[in-house]
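Read off the chains here:
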There are 2 protein chains.
Amino acid sequence: MSNTKKRIVILAEGKLDPFTAKTAAGVIRYRREEVIGVLAPSHAGRNIEEFLGTGSGVPIISSLDDVDDPDTLIIGIATPGGVMPDEWREYLREALRRGMEIVNGLHTFLSEDPELRELAAKHSATITDVRRPPNDLKVGMGAAASIDSKIILTVGSDCNIGKKIAAIEMNNEARKRGLDSVFVPTGQTGVMIEGRGIAIDRVISDFAAGAAERLVLEQKHREWIFVEGQGALLHPSYSGVTLSLMHGSMPGAMILCHQPTREFVRHTDFAIPSLRFLIELHESVMSPFRESQVVGISLNCLDMSPEDAAKEIERVESEFGLPTTDVIRYGASKLVDALEVFFQ
Amino acid sequence: MSNTKKRIVILAEGKLDPFTAKTAAGVIRYRREEVIGVLAPSHAGRNIEEFLGTGSGVPIISSLDDVDDPDTLIIGIATPGGVMPDEWREYLREALRRGMEIVNGLHTFLSEDPELRELAAKHSATITDVRRPPNDLKVGMGAAASIDSKIILTVGSDCNIGKKIAAIEMNNEARKRGLDSVFVPTGQTGVMIEGRGIAIDRVISDFAAGAAERLVLEQKHREWIFVEGQGALLHPSYSGVTLSLMHGSMPGAMILCHQPTREFVRHTDFAIPSLRFLIELHESVMSPFRESQVVGISLNCLDMSPEDAAKEIERVESEFGLPTTDVIRYGASKLVDALEVFFQ
């Protein structure tokens, strides 16, 4: 999937909650001008914004016929384990018959599906599996700890909590200030948004840190590098991905992402630990390699009233003495301010 | 590679140091009666024990002709990234021409090499890639935290430090005591020794914890489960593998492995942190899921005199108040004693 302007339809039939459809939400939020529809027949005619909290004006459609000249179909979901719902196959066939590009971020590579592959060949269509890792990865060596760039990694109290958005918003804010800054995508949605990057969670675990290291070293000519976080250091499913990313990217600063209303680690019965504990633990696991600090907190208040959100932000800020905001509601300037001071 | 009795030759030409040839060392130590030779022409006639510290009586040979009826050729090395030296190809060809089974633990799958594959087919030989993961793995869910078994994981201050040996020795000691105990291999050498298990470091990082979880849940009918550790929580190359294994296997007790003479994390310039810091950190990352403690310390004193080793063991034991031993020199009974008390 190149970065030239596309006419994108996002497939999300039956999966229109903001967690499952987080790929849809991310692409809509950051490639809004290219998205011409969300394919979700069960909800055709409804408003996508009410489901995803973003995407005003993007129509929910029941067929590819409902939009003009779509050229790209993005698989809009991120399921645990990343398997495609069987009932989506007919949508994929239809897209391939039209010669469209299918962009898939699931663990299951669609380009290896014999039927879809054959259809693609027949109709000169393309299947892009964004999670396919490069085949020349190496183990990480901690090399990112010694480059001059200011490296910032978003980390989280849980997965699916706003790490990608926080990193993108901070990078956008930094660029607005004229800083020499770049966003480094490390997950399927980030890769779809930027058209580059590696989905770290799809990499052989021995090479996951090496993949993160490569992504950072590629940008070492930049002054500011905002790295998209993955998983959570204390999520029992994905903690290894997170630690590989931390030790591969070697951030000098971290921004901790959290959702105040969330009590349990997603898909489990384990309670989310205190932010105090999380801050100390993230700093501890970095300490043998470089002094790295949690410099700010990004709260995801999507399910709170503006008043409650403002109150919670103030409370967290005063409890931890760390700049705190909700980057969706208030932007990332408070966090970038803090980072500029921290890295002075 | 099945568990029936074999006539094994281990290929280790040019790689006869105990770190690089750790697969050779592990197989010789624990399948001693099946190993009939080490193929390493440059050192033919020398004593394998002087190189690996184990394997008294195993001849170093210069050709497969030097031994009678070899049926298995094991690739005896573990390199970072796991690539096979090109100059070994002729040895592999020769083994296949003889109809032998090649057992390979490298990341590079030899069964996918067109030339070797064709040769194997022609001569009814077999190529077994022990690092090939099952293709139906799922993400971990922390489920091992709620089984009744006593789960013990070996962890380390560094990689290549004695985690596998400590786990095997403790399991052997437990079985000697009549306990219902099992060893769970999680790496290439462990899998070769036991003929079962999954090399966690070869698993897609999203599924690494799930693979560890599966291995433990398969043994939940056992009272004691000794899990082979991988990597190190603070090794920048492999930390993600380690944390996936910790959160997948959910140990109630950990044994910390360390080499007193080692100052730097292998292949890097990073200093090994203090044991105090390591103990606290391992317990911290487990604490949201279950109370897990470092219950003992296993010191690898292979490069110390008996007197220095004894002195260091005593010093560490008194500094941390934890039972400490060198399982190779003194056996694992002190550690199993401590575990029996801990789990009472």
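Computed from a predicted model, the values in this text were never measured in an experiment. (Residues numbered from 1 in each chain as written. Chains lettered and ligands numbered in written order. Predicted model: local features only at pLDDT ≥ 70, side-chain atom pairs only at ≥ 80, totals over all residues. Heavy atoms only, no water.)

Novice: I'm lost on the overall build of chain A in this one. Help?
Specialist: Along its length, chain A carries 12 helices and 12 strands. A compact globule built from 344 residues should have a C-alpha radius of gyration of about 20 Å, and chain A, at 20 Å, falls within 12% of that. For chain A, the C-alpha atoms occupy an extent of roughly 55 × 50 × 45 Å along the three principal directions. In chain A, which comprises 344 residues, the share counted as buried stands at 62%. Looking at chain A, you have 37 positive and 49 negative side-chain charges, and the mean spots of the two groups are 3 Å apart. (Helix = DSSP H or I, 4+ residues; strand = E, 2+ residues; numbered from the N terminus. Rg over C-alpha atoms; globule rule 2.2 N^0.38 Å. Buried < 20%, exposed > 50% of the residue type's maximum accessible area, 1.4 Å probe, protein only. Lys, Arg positive; Asp, Glu negative; His and termini not counted. Charge placed at Lys NZ, Arg CZ, Asp CG, Glu CD.)

Novice: What should I look at first to understand the sheet that holds strand β11 (residues 293-299) of chain A in this one?
Specialist: Strand pairing in a sheet relies on backbone hydrogen bonds, with the paired strands running either antiparallel or parallel. Residues and elements named next belong to chain A. Judged by pairing direction, the sheet is parallel, and its six strands sit side by side in the order β8-β9-β7-β10-β11-β12 without closing on themselves. What marks the edges here is a single partner per strand, and that holds for β8 (181-184) and β12 (324-325). The sheet contact formed by β8 and strand β9 (residues 224-227) spans four bridges and is parallel. The partner of S181 across the bridge, within β9, is W224. Its contacts with the sheet put helix α5 (residues 163-176) on β7 (150-156), β8, β9, β10 (253-258) and β11, and the angle it makes with β8 is roughly 165°. (Pairing = 2+ DSSP bridges. Contact = heavy atoms within 4.5 Å. Axes fitted to C-alpha atoms, helices over the stretch in contact; angles between N-to-C directions.)

Novice: Got a minute to help me understand the pairing of strand β1 (residues 8-11) of chain B in this structure?
Specialist: Residues and elements named next belong to chain B. Side chains of β1 alternate between two faces, with I8 and I10 and V9 and L11 buried alike. When β1 meets strand β2 (residues 35-39), the two strands line up parallel, connected through four bridges. Across the sheet, the residue bridging to I8 is V35, located in β2. Crossover handedness for the path β1 to helix α1 (residues 22-30) to β2: right-handed. (Right-handed = clockwise from strand over helix to strand, strands pointing away.)

Novice: Help me understand the side chain of K6(A) in this model?
Specialist: For K6(A), the location among the structural elements is in the segment before β1 (8-11). Judged by relative accessible area, which is 17%, K6(A) ranks as buried.

Novice: Even after reading the chapter, I still don't get the interface of chain B and chain A, so can you show me in this structure?
Specialist: Chain B puts 43 residues into the contact, and the matching count from chain A is 43 residues. Approximately 3,300 Å² of surface area, both sides summed, lies buried where chain B meets chain A, with 65% of it carried by carbon and sulfur atoms. Looking at the side of chain B facing chain A, the largest losses of area belong to S205(B), D206(B) and F270(B), adding up to 18% of the total buried there. Note that R131(A) and D206(B) form a salt bridge whose closest N and O atoms lie 3.8 Å from each other. Linking chain B with chain A are 14 residue pairs in polar contact (both at pLDDT 80 or more). Of all the secondary-structure elements, those providing two or more residues to the side of chain B that touches chain A are α7 (208-217), α8 (239-249) and α9 (275-286) of chain B. Sorting elements by how many residues they give to the side of chain B that touches chain A places α8(B) first, with six residues. Looking at the side of chain B that touches chain A, its residues break down into 24 nonpolar, 15 polar and four charged. (Buried area = accessible area lost by both parts, 1.4 Å probe. Salt bridge = Lys/Arg side-chain N within 4 Å of Asp/Glu carboxyl O. Polar contact = N/O pair within 3.5 Å; in protein donor to acceptor, adjacent residues only side chain to side chain. Nonpolar A, V, L, I, M, F, W, Y, C, P; charged D, E, K, R; others polar.)

Novice: Where do I start with the relation of the copies chain B and chain A in this structure?
Specialist: Copies of the same chain, two in number, are related to each other by a rotation about an axis and a translation along it. For the match of chain B to chain A, the screw axis carries a shift of 0.0 Å, the RMSD comes to 0.0 Å, and the turn is 180°. These values place the two chain copies in the arrangement generated by a two-fold rotation axis. (Least-squares fit on C-alpha atoms with pLDDT ≥ 70 in both.)

Novice: When you look at unusual backbone geometry in this model, what are you seeing that I'm missing?
Specialist: Residue and element names in this part refer to chain B. Its identity as a non-glycine residue notwithstanding, D69 has a phi of 45°, on the positive side. Examined against the element boundaries, D69 turns out to sit in the loop between β3 (60-61) and β4 (72-75). For D69, a relative accessible area of 63% gives the class exposed. Although it is not a glycine, S124 sits at a positive phi angle of roughly 50°. When you line up the elements, S124 lands in the loop between α4 (114-122) and β6 (126-129). In this structure S124 comes out as exposed when scored by relative accessible area, which is 64%.

Novice: I'm lost on the nonpolar core in this one. Help?
Specialist: Considering soluble globular proteins, one finds that nonpolar side chains tend to be buried as a cluster. The biggest cluster of nonpolar side chains holds 105 residues, and the ones touching the most others in it are I200(A), V227(A), M246(A), I200(B), V227(B) and M246(B). Ignoring any residue separated from it by four or fewer positions in sequence, one finds M246(A) in contact with L153(A), L233(A), P251(A), M254(A), H282(A), V285(A) and M286(A). (Core = buried A, V, L, I, M, F, W, Y, C linked by side-chain atoms within 4.5 Å.)

Novice: In this structure, what is going on with the pairing of strand β5 (residues 101-104) of chain A? I would like to understand it.
Specialist: Regular strands show a simple pattern: their side chains alternate between the two faces of the sheet. Residue and element names in this part refer to chain A. Of the two faces of β5, both are covered, the one formed by E101 and V103 as well as the one formed by I102 and N104. Taken together, the three bridges between strand β4 (residues 72-75) and β5 define a ladder with parallel strand orientation. The partner of L73 across the bridge, within β5, is I102. For β5 and strand β6 (residues 126-129), the ladder comprises four bridges, and the chain directions are parallel.

Novice: What is the right way to look at the sheet that holds strand β7 (residues 150-156) of chain B in this model?
Specialist: All names here are of chain B. The sheet built from six strands is open, its strands ordered β8-β9-β7-β10-β11-β12 with parallel pairing. Unpaired on one side and paired on the other, β8 (181-184) and β12 (324-325) mark the two borders of the sheet. Two strands pair when backbone bridges link them, and β7 and strand β9 (residues 224-227) are joined in this way by four bridges, in the parallel orientation. The residue of β9 that forms the bridge with I151 is I225. Strands β7, β10 (253-258) and β11 (293-299) of the sheet are contacted by α9, whose axis makes an angle of about 150° with β10. On the sheet, helix α12 (residues 333-342) packs against β7, β9, β10, β11 and β12 and is oriented at approximately 175° with respect to β11.

Novice: Got a minute to help me understand the environment of L116(B) in this structure?
Specialist: Residue and element names in this part refer to chain B. Residue position: L116 is located in helix α4. Under the relative-accessibility criterion, L116 is labelled buried at 0%. Measuring from C-alpha to C-alpha, the distance between L116 and I127 comes to 8.4 Å, with 11 residues separating the pair along the chain. Those residues within four positions of L116 in sequence are excluded, and the remaining contacts are R89, L92, R93, L96, L110 and I127.

Novice: Would you mind going over the pattern of salt bridges with me for this structure?
Specialist: For side chains bearing opposite charge, pairing can occur when the charged atoms are close. All names here are of chain A. Tallied over the entire structure, the rule returns 56 salt bridges over all chains. As a salt-bridge pair, E223 and K150 come within 3.0 Å of each other at their nearest N and O atoms. Pair noted here: E223 is in the loop between α7 (208-217) and β9 and K150 is in strand β7, with a separation of 73 residues, a long-range link. Note on K150: relative accessible area 17%, which makes it buried. One salt bridge in this structure joins R177 and E173, with 2.7 Å as the shortest N-O distance. For R177, a relative accessible area of 29% corresponds to the partly exposed category. Shared partners join several salt bridges into a network, and the residues in it are D65, R89, E90, R93, E94, R97, R98, D113 and E115.

Novice: For this particular structure, what's the right way to read the domain arrangement of chain A?
Specialist: By a frequent convention, interface size equals the accessible area lost on bringing the separate parts together. All names here are of chain A. We note that the domain assignment places domain 1 (8-129) and domain 2 (143-342) within chain A. One C-alpha centre belongs to domain 1, the other to domain 2; they are set 27 Å apart. The contact between domain 1 and domain 2 buries some 1,600 Å² in all, and 59% of this surface belongs to carbon and sulfur atoms. It is F19, Y30 and H107 in domain 1 that bury the most area against domain 2; as a group they hold 39% of the surface buried on that side. The tally of links between domain 1 and domain 2 comes to zero salt bridges. Taken together, domain 1 and domain 2 are joined by six residue pairs in polar contact (both at pLDDT 80 or more). Contributing elements (two or more residues each) for the side of domain 1 that touches domain 2: α1 (22-30), β4 and β5. The element contributing the most residues to the side of domain 1 that touches domain 2 is α1, with six residues. A class-by-class count of the residues in the side of domain 1 that touches domain 2 yields 11 nonpolar, five polar and three charged. (Domains from an automatic or database assignment.)

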